[in-house]
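Listed here are the chains, written in short residue letters.
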Amino acid sequence: MKKSVSCSLLQIKNDRAINFVKIWLFSTLILSAFLTTPIYAVEVHSSNLSPSSDISPVLTLGVPGQEVSISMAEIESLPMFETEEMVHFDGPEGRFSGVWLDDLLNKYGLNNESSLRFIAIDGYEVFIPKESRQRKQYLIATRLNALPISSENLGPLLLIIPSDVGLASHLTESKNYWVWALNEILVQ
């Protein structure tokens, strides 16, 4: 009787060890899948597009009561970048070109603000905290396939997150942070 109890206890210990190994292997597999996720689902590279010469105001930014209006020429005076072919989840597809949000905010002294309010032409607005702006790179798209973005394609300015294109939703910032027809960026 004593020998069969010892064998049963030994079998239980072996089963636990095997279960531990199975759990460890499964966890390692899942973790490796996340660690091999690309930094950018869509590659972004420097653009060789010539900056716009359009001096019409297209974006208002700053502290309420002390806003400045800037033109496409002023926005595109910053270094320009371009995505590979991508599909915006609201429809437009192609190569989006524009400037990094951080570069624009730095130029106008807004990068250290704890929260910014992004407002679209239709009144849609979203507050994006500094932590979110630091976690991902946001692109202010000014062109689609090298041409100014038409209102039919959600322009003239789009705020997009190229690194989130095509990724599972639990790996992305909220799609609410993608603003089409961007019109204002205000300190909150």
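A. Region of interest: the overall build of the protein chain. The helix and strand inventory of the protein chain stands at four helices and 14 strands. The proportion of buried residues among the 188 residues of the protein chain is 39%. Intrachain contacts of the protein chain at a sequence separation of at least 6 include 61% that bridge at least 24 residues.

B. Region of interest: the sheet that holds strand β8 (residues 115-120). An order of β3-β2-β14-β8-β9 is seen for the five strands of this open sheet, with the pairing classed as mixed. Whereas interior strands pair on both sides, the edge strands pair on one side only; in this sheet they are β3 (68-71) and β9 (125-129). The average undirected angle you get between the axes of adjacent strands in this sheet is 25°. Bridge count for strand β2 (residues 57-62) against strand β14 (residues 182-187) is three bridges, and the pairing is parallel. Looking across to β14, one finds that threonine 60 is bridged to glutamate 184.

C. Examining the environment of proline 79 more closely. In this structure, proline 79 sits in the loop between α2 (72-75) and β4 (81-83). As for proline 79 and leucine 104, which are separated by 25 residues in sequence, their C-alpha atoms are 9.7 Å apart.

D. Here's a closer look at the nonpolar core. With 43 residues, the main nonpolar core has Leu59, Phe118, Leu159 and Ile185 as its most contacted residues. In terms of residue count, the dominant contributor to this core is strand β10 (residues 139-144) (four residues). Excluding residues that lie within four positions of it along the chain, isoleucine 185 makes contacts with Leu59, Thr60, Leu61, Gly62, Leu101, Leu104, Leu105, Leu116, Arg117, Phe118 and Ile140.

E. Looking closely at the side chain of asparagine 111. When you line up the elements, asparagine 111 lands in the loop between α3 (101-107) and β8. With residues up to four places along the chain from it excluded, the contact list for asparagine 111 reads Asp102, Leu105, Asn106, Lys130 and Arg133.

F. Up close: the pattern of salt bridges. Taken as a whole, this structure holds four salt bridges when the rule is applied. Where glutamate 85 meets arginine 95, a salt bridge forms, and the shortest distance between an N and an O atom there is 4.0 Å. Of this pair, glutamate 85 sits in the loop between β4 and β5 (86-87) while arginine 95 sits in the loop between β6 (93-94) and β7 (96-100), placing them ten residues apart in sequence. Ionic pairing is found between glutamate 125 and arginine 117, a salt bridge with its closest N-O pair at 3.9 Å.

Conventions and cut-offs
- The written sequence of each chain sets the order in which its residues are numbered from 1.
- Given that this is a predicted model, residues contribute local features only at a pLDDT of at least 70 and side-chain atom pairs are listed and counted only at 80 or more, while totals for whole chains, interfaces and linings are drawn from all residues.
- To obtain the side-chain values, all non-hydrogen atoms of the structure were used and water was disregarded.
- A helix here means a DSSP run of H or I that spans at least four residues, while a strand means a run of E at least two residues long, and both kinds are numbered starting from the N terminus.
- Burial here depends on accessible area, computed with a 1.4 Å probe over protein chains only, as a share of the maximum for the residue type. Under 20% is buried, over 50% is exposed, and the range in between is partly exposed.
- Residue contacts are defined here by distance: any two heavy atoms, one from each residue, within 4.5 Å place the two residues in contact.
- For two strands to pair, DSSP has to find at least two bridges joining them.
- Only the stretch in contact is used when a helix axis is fitted, and all axes are lines through C-alpha atoms; the angle between N-to-C directions ranges over 0 to 180 degrees.
- Definition used in this section: a nonpolar core is a set of buried Ala, Val, Leu, Ile, Met, Phe, Trp, Tyr and Cys residues joined via side-chain atoms within 4.5 Å.
- The rule for a salt bridge is simple: a side-chain nitrogen of Lys or Arg has to be within 4 Å of a carboxyl oxygen of Asp or Glu.

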